[in-house]
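# Working through the structure, step by step
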Amino acid sequence: MARYRGPVEKIERRLDADLGLKGERRLSGKSALEKRPFAPGQHGQRRAKISEYGLQLREKQKAKFMYGVSEKQFRKYFTEAARREGNTGANLITLIEQRLDNVVFRMGFATTRANARQFTTHGHVLVDGKKVDIPSFLVKPGQKIEIKEKSKANPQVVRALELTNQTGMVDWVNVDKDKVFGIFTRIPAREEVVIPVEERLIVELYSK
């Protein structure tokens with residue numbers, strides 16, 4: 001399945017979850033989910049009872065849309081998570097958190113993961129001083145993530161960093177806002193990753 005490129009706020013309304021897809025618009029309280037907290041469409045305000053399978057599928061959709069990964073990519077992440085020791089669901093989330101586009105977002109260099117993915121594919125991101133334009137690149141603890149010199153004054157990057165004063169920064173990155181670089185210090189524990197996803201249901205879905 002190709003990556004979804006339609007109206008993202010409709011997705012949040014359909015899944016009834018704030019997936020952080022609109023960045024500053026969400027922070028200002030102007031998101032469609034806050035204004036119209038029901039599914040889009042003629043019968044959107046009538047929330048039907050969801051089956052067990054429907055609940056499981058919804059959680060997978062939340063994770064896929066939030067992190068911006070395709071069905072094929074998501075399946076690969078799940079397979080790798082199941083192969084590793086420990087809880088499969090927790091492994092899945094922490095594995096996807098290591099994606100370069102997500103780390104760029106977590107460091108506050110972009111207001112959304114979609115923006116972070118675009119910065120990465122356009123060659124604005126350096127990993128340990130070398131350009132990496134693959135959003136799915138898995139960042140390892142200790143690696144330095146930097147916006148290249150010519151792009152540090154980009155208004156979108158400047159604004160994104162300003163907004164971190166409001167949103168805060170996660171504990172597993174160490175960022176120098178003035179020099180626009182950060183260190184991915186460690187892989188986070190699952191309980192540290194605050195997202196509206198119950199990965200247990202995703203594991204149940206793939207385990208059928």
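All values derive from a computational prediction rather than experimental measurement.

The next thing to look at is the overall build of the chain. Within the chain, the regular secondary structure consists of ten helices and five strands. Expressed as a percentage of its 208 residues, the buried residues of the chain come to 47%. When contacts within the chain are restricted to residue pairs at least 6 apart in sequence, long-range pairs at least 24 apart make up 58% of them. Summed over its atoms, the accessible surface of the chain is roughly 11200 Å², and 49% of this surface lies on carbon and sulfur atoms.

Turning our attention to the pattern of salt bridges. This model, assessed by the stated rule, comprises 16 salt bridges. Here the salt bridges share partners, and the residues they tie into one network are Lys144, Glu146, Glu149 and Lys152.

Our next topic: empty space enclosed by the protein. Using the criterion set out here, one finds one cavity of 30 Å³ or more in the structure. For the largest cavity, the full set of lining residues is Phe119, His124, Ile147, Ser151, Asn154 and Val157. Here the residues of the lining of the largest cavity are counted per class, giving three nonpolar, three polar and no charged.

Here we take up helix 9 (residues 155–167). Between its terminal C-alpha atoms helix 9 stretches 18 Å, which fits the 18 Å expected from 13 residues at 1.5 Å a residue. Of the residues flanking the start of helix 9, the one acting as N-cap is Asn154, its side-chain oxygen 2.8 Å from the backbone nitrogen of Gln156. Trailing helix 9 by a residue or two, Gly168 shows a phi angle of about 85°, which is positive.

On to the sheet that holds strand 1 (residues 125–127), then. Sheets are built from strands that pair by backbone hydrogen bonding, the pairs being arranged parallel or antiparallel. Here five strands make up an open sheet; going across it, the order is 2-1-3-5-4 and the pairing antiparallel. Edge positions in the sheet fall to strand 2 (130–131) and strand 4 (173–176), since each of these pairs with one other strand and no more.

Now for the pairing of strand 5 (residues 181–184). On any regular strand, side chains alternate: one points to one face of the sheet, the next to the other face. The sheet contact formed by strand 3 (residues 144–147) and strand 5 spans three bridges and is antiparallel. Across the sheet, residue Glu146 finds its bridge partner in strand 5, namely Phe181. Where strand 4 lies against strand 5, four bridges are found, and the strand directions are antiparallel. Note on strand 5: the bridge partner recorded for Asn174 is Ile183. Where strand 4 folds back on strand 5, the antiparallel hairpin that results is connected by four residues, among which Val180 adopts a positive phi of roughly 55°.

Thresholds applied
- Residues numbered from 1 in each chain as written.
- Predicted model: local features only at pLDDT ≥ 70, side-chain atom pairs only at ≥ 80, totals over all residues.
- Heavy atoms only, no water.
- Helix = DSSP H or I, 4+ residues; strand = E, 2+ residues; numbered from the N terminus.
- Buried < 20%, exposed > 50% of the residue type's maximum accessible area, 1.4 Å probe, protein only.
- Contact = heavy atoms within 4.5 Å.
- Areas by Shrake-Rupley, 256 points an atom, 1.4 Å probe, with all protein chains shown as cover.
- Salt bridge = Lys/Arg side-chain N within 4 Å of Asp/Glu carboxyl O.
- 1 Å grid on protein atoms, 1.4 Å probe; cavity = no way out; pocket = protein on both sides within 12 Å on 5 of 7 lines; lining within 4 Å.
- Points joined across faces, edges and corners; volume = space filled by probe spheres on them.
- Nonpolar A, V, L, I, M, F, W, Y, C, P; charged D, E, K, R; others polar.
- Expected span 1.5 Å × (residues − 1).
- Polar contact = N/O pair within 3.5 Å; in protein donor to acceptor, adjacent residues only side chain to side chain.
- Pairing = 2+ DSSP bridges.

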